[in-house]
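Summary of the model geometry
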Amino acid sequence: MTQIPFQRFALTAEGLACRRGGRAVFGDVSFHLENGTAIALTGRNGAGKSSLIAMVCGRLRPEAGVIKLEGQGDLPPAEAVHLVGHRDGLKTALTAAENLRFAQDLLGQPGLDPAEALATVGLPHAGSLPVGYLSAGQRRRVALARLLVASRPIWLLDEPMAALDIGSQAMLSQLMQAHLAAGGAILAATHGPLGLDGARELRIGP
Ligand SMILES: Nc1ncnc2c1ncn2[C@@H]1O[C@H](COP(=O)(O)OP(=O)(O)OP(=O)(O)O)[C@@H](O)[C@H]1O
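Residues numbered from 1 in each chain as written. Predicted model: local features only at pLDDT ≥ 70, side-chain atom pairs only at ≥ 80, totals over all residues.

**Regarding the pairing of strand β2 (residues 23-34)**
The line we're drawing: Strands were regarded as paired on the criterion that DSSP finds at least two bridges between them. Here a helix means four or more residues in a row that DSSP labels H or I, a strand means two or more in a row labelled E, and each is numbered from the N terminus.
For strand β1 (residues 9-20) and β2, the ladder comprises eight bridges, and the chain directions are antiparallel. Residue pairing for β2: R19 is matched across the bridge by A24. A loop of two residues connects β1 with β2, the two strands running antiparallel in sequence, and G21 in this loop sits at a positive phi of about 55 degrees.

**Quick notes on the nonpolar core**
Filter applied, for reference: As used here, a nonpolar core is made of buried Ala, Val, Leu, Ile, Met, Phe, Trp, Tyr and Cys residues. They are joined through C-beta atoms within 7 Å. Here a residue counts as buried when 20 or more other C-beta atoms sit within 10 Å of its C-beta, as exposed when there are 12 or fewer, and as partly exposed otherwise, the C-beta atoms being derived from the backbone. Note that contacts rest on C-beta atoms placed from the backbone: two residues are in contact if these are within 7 Å.
Of all hydrophobic cores here, the largest spans 56 residues; its most connected members are L52, A145 and L156. The leading source of residues in this core is helix α5 (residues 136-149), at seven residues. Sequence-distant contacts of A145, defined by excluding residues within four places in its chain, comprise L100, A117, L118 and V121.

**Quick look at the environment of G46**
With respect to the helices, strands and loops of the structure, G46 is situated in the loop between β3 (38-42) and α1 (49-56). Spatially, the C-alpha atom of G46 lies 7.9 Å from that of V25, the residues being 21 residues apart in sequence.

**Looking at unusual backbone geometry**
The residue D28 is not glycine, and still its phi comes out positive at about 55 degrees. When you line up the elements, D28 lands in strand β2. Phi is positive for Q109, close to 50 degrees, though the residue is something other than glycine. Inspection of the secondary structure puts Q109 in the loop between α3 (96-107) and α4 (114-120).

**A few points about the pairing of strand β6 (residues 154-158)**
With five of five residues buried, β6 is to be regarded as a mostly interior element. With burial as the criterion, each face of β6 is covered, one bearing I154, L156 and D158 and the other bearing W155 and L157. Looking at chain direction, strand β5 (residues 81-84) and β6 are connected through four bridges and run parallel. Each bridged residue has a counterpart across the sheet, and for H82 the counterpart in β6 is W155.

**Considerations on the packing of α3 against α5**
Note the following rule: Whenever a helix is involved, its axis is fitted only over the stretch in contact; in every case the axis is a line through C-alpha atoms, and angles between N-to-C directions fall within 0 to 180 degrees. By definition in this entry, angles of less than 35 degrees are roughly parallel, angles greater than 145 are roughly antiparallel, angles of 65 to 115 are roughly perpendicular, and the rest are oblique. Handedness of each helix crossing follows the sense of rotation of the near helix against the far helix: counterclockwise by less than a right angle gives left-handed, clockwise gives right-handed. We call Asp, Glu, Lys and Arg charged. Ala, Val, Leu, Ile, Met, Phe, Trp, Tyr, Cys and Pro are nonpolar, and the rest, Gly among them, are polar.
Running from amino to carboxyl end, α3 crosses α5 at an angle of 40 degrees, the nearest separation of the two axes being 9 Å. Considered as vectors, α3 and α5 are oriented oblique to each other. In the packing of α3 onto α5, the handedness of the crossing is right-handed. On α5, the residues touching A96, N99, L100, A103 and Q104 of α3 are V142, A145, R146 and V149. When its residues are assigned to classes, the contact of α3 with α5 shows six nonpolar, two polar and one charged.

Laid out in structure tokens, this is it:
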């Protein structure tokens, strides 16, 4: 797989606090991500992992604290990140290849061709099938293939191993390692191992 090496960048979050539905979820969370680094975001159910990811991609305003990105030509953080969330965001009536082409057009910064991305995630024959026909694990792999069709430096992954079998988990670990080796960074909420030796743990909540 060829990947574009990324320019130098540093994403810094300082003193983040989160309140949802009138309830304090977490406070005083800080972290730093730069080229080639990964953070495993851990914590109990409801600790606020998905909420923290939503803050980094600009979908949720922190109650306190700042998130800033240096490098990457002054892009706002939301345009430097690539999100694969809990919900896969795929359109069930479109084929896997059509979903990936749509994501590529939307996100810009094209990476792999959709057919190549599907082959990379082990779905070489799924390109012409409507996503609604795919199994949960296959859909997850199509969602992960979005990471490959548009080249963005910071991957935000919410439970990326969910629904994946052992072989697919190993495939994802390899994709993440390749992304780090190309100078990308990863923030991944997880309840289990990511298969990334150098990942730092950031635990939030009690
Ligand atoms: N839209 C919302 N309105 C009000 N409260 C919300 C909303 N979304 C999430 N919450 C609450 O915010 C808290 C944190 O939720 P979040 O999904 O960020 O946790 P999490 O650590 O990702 O959990 P899990 O491990 O179960 O995925 C929970 O108490 C949740 O009920």
